[in-house]
Amino acid sequence: MLVNILTSDSGLLKTIAKGSRRLKSPLRGKLELLNYGALVYYPSRTSDLHILSQFDIINSFPEALNTLERSAFFHYLAELSSLAAYGEEGSGALFNLLLQMLGDAPDIDAIIPARLWFEIRYLHLLGVFPSFDRCSHCGGPLGDGVKFALKKPGWICARCRGQVSDTIDIEPGVMAIISYILRNSLNQVMKLKLSRRQSALLDRLLSYLVDTAAHKKIKSKRFLNHILGGGI
Ligand SMILES: [Zn+2]
């Protein structure tokens, strides 16, 4: 069986778990999605597919999968994390973000703000929101009339608007919400009440940025949107 494992120091590790479905295999039943544990593997010298020999579960986070909404949500977070962390150095922060979210799973009663909380941090770790008080083009203060650059993501001041292509207008409220979410705990963000318009604007912006950052179609996203959009 092929098993992709997100690690704190080696990005996404592709492994082969030989015989893991056999009754007597020490790996049997341990390689379910979202299991967190300690592993032993033999690195391959010739390919990026390594041999997994041992996996000991530290926590299996049953609350992350105990409702359809949470399950769809955590499948999405796992896929996002693995897409960003593939072969990357310094994937520890992304790993910790996912681990923190898994630990908070029992408290997640509102998926939409929890998703905003995760996606904004995820994008921030990937360098998408470099600063909330400096223009990412000239480095000057932002002031009024801020735009967001999509190609090389960042906030753009009114003075630089003409010099940067592929920008979109940003309502001041939306930038403040992103900054608020980045500064506050998941519990606080889950209490946040957004207007329908703010939600739609944020959703469109984050969806575009997440797709661009992942460089790939995110399979679990469609299912999550389907669930959040009103069930099956
Ligand atoms: Zn500027």
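A. Seen up close, the sheet that holds strand β4 (residues 49–59). A sheet is described by the order of its strands in space; here 4 strands give the open sequence β1-β2-β4-β3, paired in mixed fashion. The open sheet terminates on both sides in strands that have one partner only, identified here as β1 (2–6) and β3 (36–42). Averaged over all pairs of adjacent strands, the angle between strand axes in this sheet comes to 40 degrees, irrespective of strand direction. Pairing between β1 and strand β2 (residues 12–16): 5 bridges, direction antiparallel. Counted as the bridge partner of Leu6 is Leu12 from β2.

B. The domain arrangement of the protein chain, seen in detail. Parsing the protein chain into structural domains produces domain 1 (1–60) and domain 2 (62–232). Counting from both sides, the interface comprises 11 residues of domain 1 and, opposite them, 17 residues of domain 2. Within the side of domain 1 that touches domain 2, the residues separate by chemical class into 5 nonpolar, 5 polar and 1 charged.

C. Up close: the nonpolar core. Of all hydrophobic cores here, the largest spans 35 residues; its most connected members are Leu77, Trp117, Leu123 and Ile181. Elements represented by at least two residues in this core include exactly β1, β2, α1 (68–85), α2 (92–103), α3 (111–125), α4 (172–183) and α6 (196–214). In terms of residues, this core owes the most to one element, α1, which gives 8 residues. Ignoring any residue separated from it by four or fewer positions in sequence, one finds Ile181 in contact with Leu116, Trp117, Ile120 and Val189. Of all hydrophobic cores here, the second largest spans 8 residues; its members include Val146, Phe148, Ile156 and Cys157.

D. Inspection of the pairing of β2 at higher detail. Between β1 and β2, which pair antiparallel and follow one another directly, the connecting turn spans 5 residues, one of which, Gly11, has a positive phi of 65 degrees. Bridge count for β2 against β4 is 3 bridges, and the pairing is parallel. Paired with Ile16 across the strands is Ile51, a residue of β4.

E. Layout of the sheet that holds strand β7 (residues 167–169). The 3 strands lie next to each other as β6-β5-β7, forming an open sheet whose pairing is antiparallel. In this open sheet, the two edge strands, each paired with only one partner strand, are β6 (154–156) and β7. The sheet shows a mean angle of 35 degrees between the axes of neighbouring strands, direction not considered. Where strand β5 (residues 147–149) meets β7, 3 bridges bridge the pair, whose relative direction is antiparallel.

F. Molecular detail of the environment of Ala64. You can see Ala64 is positioned in the loop between β4 and α1. With residues near it in sequence (within four places) discarded, Ala64 still touches Leu34, Arg70, Phe74, Leu102 and Ala105.

G. View of the packing of α2 against α3. In the contact formed by α2 and α3, the axes pass within 10 Å of each other and the chain directions differ by 170 degrees. The angle between the axes of α2 and α3 places the two elements in the roughly antiparallel class. Residues Ala93, Leu94, Leu97 and Met101 of α2 pack against Phe118, Arg121, Tyr122 and Leu125 of α3. Each residue belonging to the contact of α2 with α3 can be placed in one class, and the counts come to 7 nonpolar, no polar and 1 charged.

H. How the structure looks around unusual backbone geometry. Of note, the phi angle at Leu34 is positive, near 80 degrees, even though the residue is not glycine. Mapped onto the fold, Leu34 is located in the loop between β2 and β3. In this structure, Asp166 is a non-glycine residue whose phi angle is positive, near 55 degrees. Relative to the helices and strands, Asp166 is located in the loop between β6 and β7.

Thresholds applied
Residues numbered from 1 in each chain as written. Predicted model: local features only at pLDDT ≥ 70, side-chain atom pairs only at ≥ 80, totals over all residues. Pairing = 2+ DSSP bridges. Helix = DSSP H or I, 4+ residues; strand = E, 2+ residues; numbered from the N terminus. Axes fitted to C-alpha atoms, helices over the stretch in contact; angles between N-to-C directions. Domains from an automatic or database assignment. Contact = placed C-beta atoms within 7 Å. Nonpolar A, V, L, I, M, F, W, Y, C, P; charged D, E, K, R; others polar. Core = buried A, V, L, I, M, F, W, Y, C linked by C-beta atoms within 7 Å. Buried ≥ 20, exposed ≤ 12 C-beta atoms within 10 Å, placed from the backbone. Parallel < 35°, antiparallel > 145°, perpendicular 65-115°, else oblique.

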